[in-house]
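Coordinate analysis (summary)
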Amino acid sequence: MDIHNQANQTYQTSTLPVNLIRPISVSNIDIERPQIIEDNKDYFDYSQRAQWLRAAVLGANDGLVSTVSLMMGVGAVKEDVKFMILTGFAGLIAGACSMAIGEFVSVYSQLDIELAQIKRESMARKDEETQSDDEKENLPNPFQAAGASAIAFSLGAMVPLLAAAFIKDHKVRLGVVTGATSLALLVFGGLGAVLGKAPLLKSSLRVLVGGWIAMAITYGLTKLIGTSGL
């Protein structure tokens, strides 16, 4: 009788943890699952912004730096404000067209490569469909990249042009153009950092110092060539 009771107690004890563990594990899964889904809703892949962000930021910085460098180079040997503005305006038109064409060709080449890859994958799967809607949305848009580059370049180039347009004194005009350009470089660098979730201070200073170097080299070399009579 003692042996029978002891066997029943052993059997009840061995089955008890199984009954307890099963609902606990299920409840844990049910509790954790909404948290995982909620975390995924807050996730955003900032690399999706890379295409248009790169074109826009690069275009604005290039328009600003190249145009102000041309104007500073001309200002190193010519004090006429009309000549400086005309040079800057010519740089704006030429640079905007160059950026648009360059981005269009570059992104269109990327588009051809990705379409060829999709076609190869479809043939490997023996699937008649070319690509899904999601794949189409993720493909690069050469017209969008070209338009963003041209517009951004023009906006960047307008900063030194507007800064120089209303200043008659030559030295004051060079100082105002340099100050306005420096402020715009900080703004463009900070904007790119915020949109891309990059370090704000580091990105802004990198763009600012790069612009200063470009202006200094252009001004210095043009001044040297102009004074040497070459």
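Residues numbered from 1 in each chain as written. Predicted model: local features only at pLDDT ≥ 70, side-chain atom pairs only at ≥ 80, totals over all residues. Heavy atoms only, no water.

Per an unreviewed UniProt entry, the protein chain goes by Vacuolar iron transporter and derives from Papaver somniferum. Here the protein chain is described in UniProt, under the heading Function (unreviewed entry), as follows: "Vacuolar Fe(2+) uptake transporter." As recorded by UniProt, the Sequence similarities (unreviewed entry) comment attached to the protein chain reads in full: "Belongs to the CCC1 family." (UniProt positions renumbered as here; feature names shortened; annotations may be inferred.)

Summed over all chains, the structure comprises two aromatic pairs. With centroids separated by 5.3 Å and ring planes inclined at 50°, the aromatic side chains of Phe 104 and Tyr 108 adopt a geometry described as tilted. Separated by four residues within a single helix, Phe 104 and Tyr 108 lie in helix H3 (residues 81-125), roughly one turn from each other. You can call Tyr 108 partly exposed: its relative accessible area is 35%. Ring plane angle 65° and centroid distance 5.1 Å describe the contact between Phe 104 and Phe 143, whose orientation is recorded as edge-to-face. Of this pair, Phe 104 sits in helix H3 while Phe 143 sits in helix H5 (residues 142-165), and the two are 39 residues apart along the sequence. The rings of Phe 104, Tyr 108 and Phe 143 are connected pair by pair, giving a single aromatic cluster. (Phe/Tyr/Trp six-rings, centres within 6.5 Å; stacked < 30°, edge-to-face > 60°. Helix = DSSP H or I, 4+ residues; strand = E, 2+ residues; numbered from the N terminus. Buried < 20%, exposed > 50% of the residue type's maximum accessible area, 1.4 Å probe, protein only.)

In this numbering, the UniProt entry assigns the feature "transmembrane region" (unreviewed entry) to residues 81-101, 145-167, 174-195 and 207-226. The straight-line gap between the two end C-alpha atoms of residues 81-101 is 30 Å; of that span, 100% is helix and 0% is strand. Along residues 145-167 one finds 91% helix and 0% strand; the C-alpha atoms at either end are 35 Å apart.

Mapped onto the elements of the fold, Leu 191 is located in helix H6 (residues 170-196). On a C-alpha basis, the gap between Leu 191 and Val 57 in space is 8.3 Å, while along the polypeptide they are 134 residues apart.

Turning next to H6. With 27 residues, H6 should cover 39 Å at 1.5 Å per step; its first-to-last C-alpha distance of 39 Å lies within 8% of that length. Capping of H6 at its N-terminal end is provided by Asp 169; its side-chain oxygen lies 3.3 Å from the backbone amide nitrogen of Lys 171. Backbone geometry just downstream of H6 places Lys 197 in the positive-phi region, at approximately 55°. (Expected span 1.5 Å × (residues − 1). Polar contact = N/O pair within 3.5 Å; in protein donor to acceptor, adjacent residues only side chain to side chain.)

Where H3 contacts H5, the axes come no closer than 8 Å and their chain directions differ by 165°. Accordingly, the angle class assigned to the pair H3 and H5 is roughly antiparallel. Handedness of the H3/H5 crossing: right-handed. The residue makeup of the contact of H3 with H5, split by class, is 23 nonpolar, five polar and one charged. (Axes fitted to C-alpha atoms, helices over the stretch in contact; angles between N-to-C directions. Parallel < 35°, antiparallel > 145°, perpendicular 65-115°, else oblique. Left-handed = near helix turned anticlockwise from the far one by under 90°. Nonpolar A, V, L, I, M, F, W, Y, C, P; charged D, E, K, R; others polar.)

To continue, consider the packing of H6 against helix H7 (residues 200-228). Contact geometry of H6 with H7 gives a least axis separation of 8 Å together with a crossing angle of 145°. Of the two possible hands of crossing, H6 and H7 adopt the one that is right-handed. For the pair H6 and H7, the contacting residues are Leu 174, Thr 178, Thr 181, Ser 182, Leu 185, Leu 186, Gly 189, Gly 190, Ala 193 and Val 194 in the first and Leu 200, Ser 203, Ser 204, Val 207, Leu 208, Gly 211, Trp 212, Met 215 and Tyr 219 in the second. (Contact = heavy atoms within 4.5 Å.)

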